[in-house]
Amino acid sequence: MKFNASFRKGFASDNWSGVSPEVMMALQQINQGHHPAYGENDPLLEQAQQLFNVVFGPESHTFFVYNGTGANVLSVQQLLRSWEAVVTPHSAHLNEDEAGAPEKFTGGKLLTVHVENGKIRPEDVSPFLNSIGFQHHVQPRLISISQATELGTLYTTEEIRTLAEFAHANGMYLHMDGARLANAAVAMNCSFRELTTDLGVDVLSFGGTKNGLMFGEAVVFLNKALAEGFAYNRKQGMQLASKMRFITAQFIAYLENDLWKRNASNANNMAALLAKKLSTLSGIKLSRPVEANGVFVILPAALIPKLQQEYFFHVWDESTNEVRLMCSFDTTTDDVEGFVWAARQLL
Ligand SMILES: Cc1ncc(COP(=O)(O)O)c(C=O)c1O
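Residues numbered from 1 in each chain as written. Predicted model: local features only at pLDDT ≥ 70, side-chain atom pairs only at ≥ 80, totals over all residues. Heavy atoms only, no water.

## So, helix 3 (residues 68-79)
Argument step 1. An ideal rise of 1.5 Å per residue puts 16 Å on twelve residues; helix 3 measures up with 17 Å between its terminal C-alpha atoms.
Argument step 2. With nine of twelve residues buried, helix 3 lies mostly within the body of the structure.
Argument step 3. Regarding helix 3, its N-cap is Asn-67, as a side-chain oxygen of that residue lies 2.7 Å from the backbone nitrogen of Gly-70 further along. (Helix = DSSP H or I, 4+ residues; strand = E, 2+ residues; numbered from the N terminus. Expected span 1.5 Å × (residues − 1). Buried < 20%, exposed > 50% of the residue type's maximum accessible area, 1.4 Å probe, protein only. Polar contact = N/O pair within 3.5 Å; in protein donor to acceptor, adjacent residues only side chain to side chain.)

## Regarding the site of the ligand
Argument step 1. Asn-67, Gly-68, Thr-69, Asn-72, His-93, Glu-150, Asp-177, Ala-179, Arg-180 and Lys-210 make up every residue found near the ligand.
Argument step 2. The contact in question runs from an oxygen atom of the ligand to an N or O atom on the backbone of Gly-68, over 2.9 Å.
Argument step 3. One nitrogen or oxygen atom from the side chain of His-93 is found 3.3 Å from an oxygen atom belonging to the ligand.
Argument step 4. Expressed as a share of its isolated accessible area of 390 Å², the protein-covered part of the ligand is 81%.
Argument step 5. Considering each element in turn, the shell around the ligand owes the most residues, three residues, to helix 3. (Near = heavy atom within 4 Å. Areas by Shrake-Rupley, 256 points an atom, 1.4 Å probe, with all protein chains shown as cover.)

## Observations concerning the packing of aromatic side chains
Argument step 1. Considering all chains together, one arrives at 22 aromatic pairs under this definition.
Argument step 2. With a centroid separation of 5.5 Å and 80 degrees between ring planes, the pair formed by Phe-56 and Phe-206 is classed as edge-to-face. Of the two residues, Phe-56 is situated in helix 2 (residues 43-56) and Phe-206 in strand 6 (residues 203-206); the sequence distance between them amounts to 150 residues.
Argument step 3. Taken together, the ring pairs in this structure connect Phe-52, Phe-56, Phe-64, Phe-192, Phe-206, Phe-251, Tyr-254 and Trp-260 into an aromatic cluster.
Argument step 4. The ring of Tyr-311 carries Arg-8 above its face, with NZ or CZ at 4.2 Å from the centroid.
Argument step 5. Between Arg-288 and the ring centre of Phe-296, over which it is positioned, the NZ or CZ distance is 5.6 Å. (Phe/Tyr/Trp six-rings, centres within 6.5 Å; stacked < 30°, edge-to-face > 60°. Lys NZ or Arg CZ within 6 Å of the ring centre and 35° of its normal.)

## Some remarks on the sheet that holds strand 4 (residues 139-146)
Argument step 1. The sheet built from seven strands is open, its strands ordered 1-7-6-5-4-2-3 with mixed pairing. With partners counted over all chains shown, the strands left at the sheet margins are strand 1 (61-65) and strand 3 (109-113), one partner each. Between one strand axis and the next, the sheet turns through 20 degrees on average, direction left out of account.
Argument step 2. With four bridges connecting them, strand 6 and strand 7 (residues 217-221) associate as antiparallel partners. Of the residues in strand 7, the one forming a bridge with Ser-205 is Val-219.
Argument step 3. Packing of helix 7 (residues 157-169) onto the sheet brings it into contact with strand 4 and strand 5 (173-178), and relative to strand 5 it is tilted by some 145 degrees. (Pairing = 2+ DSSP bridges. Axes fitted to C-alpha atoms, helices over the stretch in contact; angles between N-to-C directions. Contact = heavy atoms within 4.5 Å.)

## Structural notes on unusual backbone geometry
Argument step 1. Looking along the chain, the bond that leaves Gln-147 and enters Ala-148 is cis, with omega of -5 degrees.
Argument step 2. Mapped onto the secondary structure, Ala-148 falls in the loop between strand 4 and helix 7.
Argument step 3. Positive phi, close to 50 degrees, is recorded for Asn-41, a residue that is not glycine.
Argument step 4. On the basis of relative accessible area, Asn-41 is assigned to the exposed category, the value being 76%.
Argument step 5. The phi dihedral of Asn-117 is positive, around 55 degrees, even though this residue is not glycine.

See below:
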């Protein structure tokens, strides 16, 4: 077999990279013989769920799904009635990159806020509280944050705790989109539990694809009571994998032996190096704090298409020539140096 599709490694996104060798090995190992479908009476599912209970605490309940959009939409759907709403930053994946799926599948509404560096604060949510009890308005029910954010920034533990307390004090829940939670945990030197359960997060979309898995995410209810009926919700939402073992085996490989940590550390370190080297070039300006594995820079307009031909990346904001450079578990110092060299030559 010959595949005619080879791309030069670039900085487009952390899901342009392939699969960690350890994860590929797990997939191969589990690809033997037959195995129960849908995770039913499946010891492997039990093993994975137990591992998640160790990581997030015994009161958590985990369900595996195919992708991050599915994890987000189903999390929201589980907690929202059609007259209720999610308050979230405008830049949230939930709002900008899910093609209206949250609205379609929940019937609810997204109330978005334009916030600095992708981070929402209680005072951004407060104005929506005036609607509570007013029958003409949607009822705010959920706050959704991303950790790390879509803009490469991080909420501090105190900021998350404050948001959770604020949500609960006002009859709301806190959802976290953790597509890049591993990058956040490594950067903050925290465990997953210290960033979620211990701070009062109610439900988490836990990512794997952006940090070395082939596919697979998890919905983790940190408050078990909220998980009731979720199995049916997942099936209706078309996210129940029949060959479940190929998701659970990946997560076991990911969480055992700290593969997640090694992968995320590399991605974060490469982002820091890239930011450091780019900031020495005149004409290139870092546009946001580099706190995880994303680097945002303003480039001269003429440079963008030329540099994209060498190493592909996405333009984040056409109006300001801001571009996003994402580092992956497999980004190397050679990749970073090659990119910076190319930028220098083209400038
Ligand atoms: C913050 C965030 N959440 C969720 C997702 C999930 O995406 P997907 O449905 O492509 O797995 C992504 C992917 O780009 C993301 O960046």
